[in-house]
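# Structure assessment
The chain contents come next:
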Amino acid sequence: MREINCEQAGLEAIQEEFRRNSKTVHMSTDMPLELLQEFGPDRIRMTPIAENSFCGAAIGLAGSGYRTVVNLRMATFSFVAMDQIFNHAAKITYMFGGQAKFPILYRMTIGAGIGGAAEHSISPYPMYMNVPGLKIILPSNAYDLKGLLKTALRENNPVVSFEHALLGGVQYPVPEEEYLIPFGQASVIRKGKDVTLVALSKMVQEALAAADELKQEGISVEVIDPRTLVPLDKEAIFKSVRKTGRLVVVDEACQTCGAAAEIIALVTGQKTVFAALKATPARVTGLDVPIPFSPPMEKFAIPDKNKVMDAVYEVMGMKISVKKAES
Amino acid sequence: MAISPKEQTALYTTMQTIRLFEERLVKEFLENKISGFVHSYIGEEAIAAGVLAHFKKTDRIVSHHRGHGHCIAKGADMKRMMAEIYGRKTGYCKGKGGSMHIADFSIGMLGADGIVGAGLPISLGAALSAQLDGQNKIAAVFFGDGACQEGEFHEALNLASIWKLPLLFVCENNQYGVNTSYRYSLGAQEITRMPEAYHIQNKSVDGNDVEVVYEAAARAVEYLRNGQGPYFLECFTYRWHKHYLSNSLPDLRPQEELEEWKKKCPVTAYENKLRQAGVLTQTRIDAIKTRILEHVEEAVRFALDSPLPAPQDALEDVFSK
């Protein structure tokens with residue numbers, strides 16, 4: 001199978017869906033040349049640097065029968081448009097009693113590790129999860145990104161796509177043929193029996209690297225990527241934890257009120273899953289600090305393979321210090 | 001510009017409908033029959049009536065927290081409006097929005113937004129859809145002097161200007177944001193200086209004279225339908241009630257100023273004008289009022305006879321299917 005990166009996968013998703021549906025508009029502050037050449041300046045619009053204006057315009061377009069993709073680039077820029085995204089896009093379907101549909105796709109880049117410091121590095125999806133009315137997708141590879149974006153472009157609700165900066169250029173097998181990935185369907189990337197690792201976005205890579213190494217040590221790890229946070233495929237996680245009895249959630253976002261906290265609360269709140277637990281669930285998350293610039297501090301602030309392995313040892317009841325001494 | 005007696009009667013009827021609807025709300029509110037925040041449009045009726053007389057069902061508008069007048073002038077059903085204000089299941093938003101959030105997408109009323117200035121970006125999308133549809137459709141956004149202090153206002157002027165959107169900005173300058181005068185809070189002082197800076201055609205008019213508003217809006221709408229770009233209409237007016245209906249909210253505006261503006265009542269002034277011009281007799285005026293009062297009564301009855309939502313209805317409509 002051919003391999004493409006997330007950037008290409010995202011472009012193909014938009015091209016395919018814009019060909020299917022002419023009542024579609026794309027807005028971004030930069031110029032997406034391929035889209036502009038194919039669909040023209042009426043539908044592919046360069047905006048001023050004024051996030052509230054175009055995030056809001058997407059709502060008005062949606063309420064008037066058009067589907068809009070807004071590429072905000074950095075997720076931190078979305079905070080400039082919080083009024084339109086949180087107060088309006090998220091609430092408007094509900095507040096007006098469901099009388100209109102609001103198909104909007106907001107795309108934004110997340111994550112640390114790019115040396116961007118605090119105002120260009122963040123993983124803010126937990127905040128968005130806390131505002132009812134937004135669907136949230138969190139692809140960890142080019143295949144999922146394309147399939148989820150295509151579904152988002154047929155969805156009748158506002159969708160926010162959080163795309164990790166360090167995944168943009170990573171090559172991944174993506175078929176030429178058309179496919180869609182439904183929301184709320186987790187992907188069990190690796191089967192295992194001892195520990196369930198739920199990993200989000202780029203942390204899937206760290207989780208898989210940890211699982212590979214742990215396998216050498218005789219620990220069998222199941223790796224689950226939820227792919228969408230709203231809706232969340234709880235059943236896939238419950239099913240896995242019932243089997244393994246152990247849970248570690250790996251998320252680059254800050255710890256407080258995070259997706260990891262929510263997933264652990266769901267697991268411990270479900271009686272049959274709770275009864276199956278052999279150890280206290282653990283979370284490996286970003287630290288509760290703004291992302292610092294200097295590489296040693298930046299690396300320290302986010303989870304990596306070693307931190308994931310330590311958490312697995314802990315839920316396995318193994319002494320971390322011993323393991324560290326051995327390595 | 002000659003306005004036919006038929007148009008004049010229609011303008012009067014729209015204004016009087018808004019007035020009598022709003023007066024009934026004041027009564028219901030003071031008797032504790034409705035709850036929440038109700039922002040009265042009394043005193044500003046000439047703007048909604050004069051502007052929206054030029055709008056078709058396929059043209060779209062975006063309104064704000066003081067939005068009942070825009071709904072009525074755009075052709076919304078008073079029964080479903082009243083039911084929404086009463087929090088009933090039969091209301092426009094099934095009781096989920098209330099007075100501040102009435103919308104009727106079927107008539108191009110894209111909703112009232114409760115965040116000052118927030119309707120402006122949304123209206124850009126409505127106007128862009130009109131431009132893309134390419135059938136001379138237009139859009140309008142209503143907002144006040146308070147919204148002109150928001151960043152979203154400037155962003156909207158800028159985007160409408162560079163994209164030449166068929167969008168009518170209607171600034172209802174009632175001079176106060178709650179109790180704060182725009183003379184204090186707006187550095188530009190003259191509101192039309194701001195659209196001017198963005199190269200948007202603009203005009204400031206007496207918002208209490210419905211024919212003045214009607215004529216200015218006619219020219220603005222023609223400009224929009226010709227695809228010449230956005231237009232900004234400032235209508236100078238005054239609100240008779242407090243920011244929202246309340247027993248506890250203070251009204252710190254000079255009371256003599258309020259009394260002066262009450263003398264410039266847009267509804268009474270127009271009624272007198274049409275009577276003196278022989279367009280409407282007193283008998284006809286009485287008949288119009290009686291008919292409107294019957295409709296308002298019918299709307300209140302419809303609301304009261306409608307069921308309240310079930311508590312668990314709160315779980316519906318978070319997402320569209």
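## Some words on the overall build of chain B
In terms of helices and strands, chain B carries twelve helices and eight strands. For chain B, the C-alpha atoms occupy an extent of roughly 55 × 50 × 40 Å along the three principal directions. When burial is assessed residue by residue, chain B has 50% of its 321 residues classed as buried. A fraction of 75% describes how many contacts in chain B between residues 6 or more apart in sequence connect residues 24 or more apart.

## Observations regarding the interface of chain A and chain B
The partner chain B presents 36 residues to the 33 residues of chain A that form the contact. Breaking the side of chain A that touches chain B down by element, the ones donating at least two residues are helix H3 (51–63), helix H4 (82–89) and helix H5 (92–95) of chain A. When residues of the side of chain A that touches chain B are assigned to their parent elements, the largest contribution, nine residues, is made by H3(A). Grouping the amino acids of the side of chain A that touches chain B by side-chain chemistry returns 13 nonpolar, 17 polar and three charged.

## Some details on the pairing of strand E1 (residues 60–64) of chain B
Residue and element names in this part refer to chain B. Of all five residues in E1, five are buried; the element is thus mostly enclosed. Of the two faces of E1, the one carrying Arg-60, Val-62 and His-64 and the one carrying Ile-61 and Ser-63 are both buried. In this sheet, strand E3 (residues 139–144) lies alongside E1 in parallel orientation, the contact comprising three bridges. For Arg-60, the partnering residue across the bridge sits in E3 and is Ala-139. Where E1 meets strand E2 (residues 109–113), three bridges bridge the pair, whose relative direction is parallel. Paired with Ser-63 across the strands is Ala-112, a residue of E2.

## Description of the nonpolar core
Ranked by size, the top nonpolar core spans 192 residues in total, and within it Ala207(A), Val248(A), Val312(A), Leu168(B), Val170(B) and Leu233(B) carry the most contacts. Among the elements that take part in this core, helix H9 (residues 210–225) of chain B stands out by supplying eight residues, more than any other. If we ignore the near neighbours within four places in the chain, the residues touching Leu233(B) are Leu168(B), Phe169(B), Val170(B), Cys171(B), Lys203(B), Val205(B), Ala216(B), Ala217(B) and Ala220(B).

## Some points on the sheet that holds strand E7 (residues 158–164) of chain A
Residue and element names in this part refer to chain A. Spatial ordering of the open sheet is given by E3-E2-E4-E5-E7-E6-E12, a layout of seven strands whose pairing is mixed. Edge strands, defined here as strands with exactly one partner in the open sheet, are strand E3 (44–46) and strand E12 (228–230). For this sheet, the mean angle separating the axes of adjacent strands, direction not counted, is 20 degrees. Across five bridges, the pairing between strand E2 (residues 24–28) and strand E4 (residues 67–74) is parallel. Among the inter-strand pairings, Val-25 is bridged to a residue of E4, identified as Thr-68.

## Some remarks on the sheet that holds E3(B)
Residues and elements named next belong to chain B. Within the open sheet, the six strands sit side by side as E2-E1-E3-E4-E8-E7. Their pairing is parallel. If you trace the sheet from one side to the other, it starts and ends with E2 and strand E7 (201–206), each paired once. Put simply, the sheet's adjacent strands are angled 15 degrees from each other on average, direction ignored. Pairing between E3 and strand E4 (residues 167–173): six bridges, direction parallel. Across the sheet, Phe-143 pairs through a bridge with Cys-171, a residue of E4. Helix-sheet contacts for helix H5 (residues 119–133) involve E1, E2, E3 and E4, and the interaxial angle to E3 is about 170 degrees.

## With respect to H4(A)
When H4(A) is considered as a whole, its buried residues turn out to be Asp83(A), Gln84(A), Ile85(A), His88(A) and Ala89(A). On the buried face of H4(A), the contacting elements are H3, H5, strand E5 (104–110) and E7 of chain A together with E2 and H5 of chain B.

## Notes on the environment of Lys6(B)
Residue and element names in this part refer to chain B. With respect to the secondary-structure elements, Lys-6 resides in helix H1 (residues 5–30). A count of 9 C-beta atoms within 10 Å places Lys-6 in the exposed class. C-alpha separation for the pair Lys-6 and Tyr-270, spaced 264 residues apart in sequence, amounts to 14 Å.

## Side note on H1(B)
Residue and element names in this part refer to chain B. Across its 26 residues, H1 extends 37 Å between first and last C-alpha, which sits within 8% of the 38 Å expected from 1.5 Å per residue. Tucked inside the fold, the buried residues of H1 contact helix H2 (45–52), helix H3 (68–74), helix H4 (78–85), H9, helix H11 (266–276) and helix H12 (282–305). Within two residues after H1, Asn-32 carries a phi angle of roughly 60 degrees, on the positive side.

## Here's the deal with the environment of Lys243(A)
All names here are of chain A. Tracing the backbone shows Lys-243 in helix H9 (residues 234–244). We classify Lys-243 as partly exposed; it has 15 C-beta atoms within 10 Å. When the C-alpha positions of Lys-243 and Glu-222 are compared, they lie 9.9 Å apart, and in sequence the two are 21 residues distant.

## A few points about unusual backbone geometry
Residue and element names in this part refer to chain A. Here the residue pair Val-230 and Pro-231 is connected by a cis peptide bond, since its omega of 0 degrees sits within 30 degrees of zero. Mapped onto the fold, Pro-231 is located in the loop between E12 and H9. In the Ramachandran plot, Arg-227 falls in the positive-phi region, its phi being about 65 degrees despite a non-glycine side chain. Here Arg-227 is to be found in the loop between strand E11 (221–225) and E12.

## What about the confidence of the model for chain B?
Considering every residue of chain B, the mean pLDDT works out to 97; 100% of them sit at 70 or more. Scoring the predicted complex yields pTM 0.96 and, for the interface, ipTM 0.96.

## Focus on the environment of Gly125(B)
Here Gly125(B) shows up in helix H5. Assessed through the 31 C-beta atoms surrounding it within 10 Å, Gly125(B) is described here as buried. Along the sequence, Gly125(B) and Ala160(B) sit 35 residues apart, while their C-alpha atoms lie 9.8 Å from each other. Ignoring any residue separated from it by four or fewer positions in sequence, one finds Gly125(B) in contact with Gly56(A), Ala57(A), Ala58(A), Ile59(A), Gly60(A), Leu61(A) and Ser64(A).

## Remarks on the packing of H3(A) against H5(B)
Where H3(A) contacts H5(B), the axes come no closer than 6 Å and their chain directions differ by 50 degrees. With respect to their mutual orientation, H3(A) and H5(B) come out oblique. Along this stretch, H3(A) crosses H5(B), giving a crossing that reads as right-handed. Where H3(A) approaches H5(B), its residues Asn52(A), Ser53(A), Gly56(A), Ala57(A), Ala58(A), Ile59(A), Gly60(A), Leu61(A) and Gly63(A) are matched on the opposing element by Pro121(B), Ile122(B), Ser123(B), Leu124(B), Gly125(B), Ala126(B), Leu128(B) and Ser129(B).

Reading the values: the criteria
- Residues numbered from 1 in each chain as written.
- Chains lettered and ligands numbered in written order.
- Predicted model: local features only at pLDDT ≥ 70, side-chain atom pairs only at ≥ 80, totals over all residues.
- Helix = DSSP H or I, 4+ residues; strand = E, 2+ residues; numbered from the N terminus.
- Buried ≥ 20, exposed ≤ 12 C-beta atoms within 10 Å, placed from the backbone.
- Contact = placed C-beta atoms within 7 Å.
- Nonpolar A, V, L, I, M, F, W, Y, C, P; charged D, E, K, R; others polar.
- Pairing = 2+ DSSP bridges.
- Core = buried A, V, L, I, M, F, W, Y, C linked by C-beta atoms within 7 Å.
- Axes fitted to C-alpha atoms, helices over the stretch in contact; angles between N-to-C directions.
- Expected span 1.5 Å × (residues − 1).
- pLDDT = per-residue confidence, 0-100.
- Parallel < 35°, antiparallel > 145°, perpendicular 65-115°, else oblique.
- Left-handed = near helix turned anticlockwise from the far one by under 90°.

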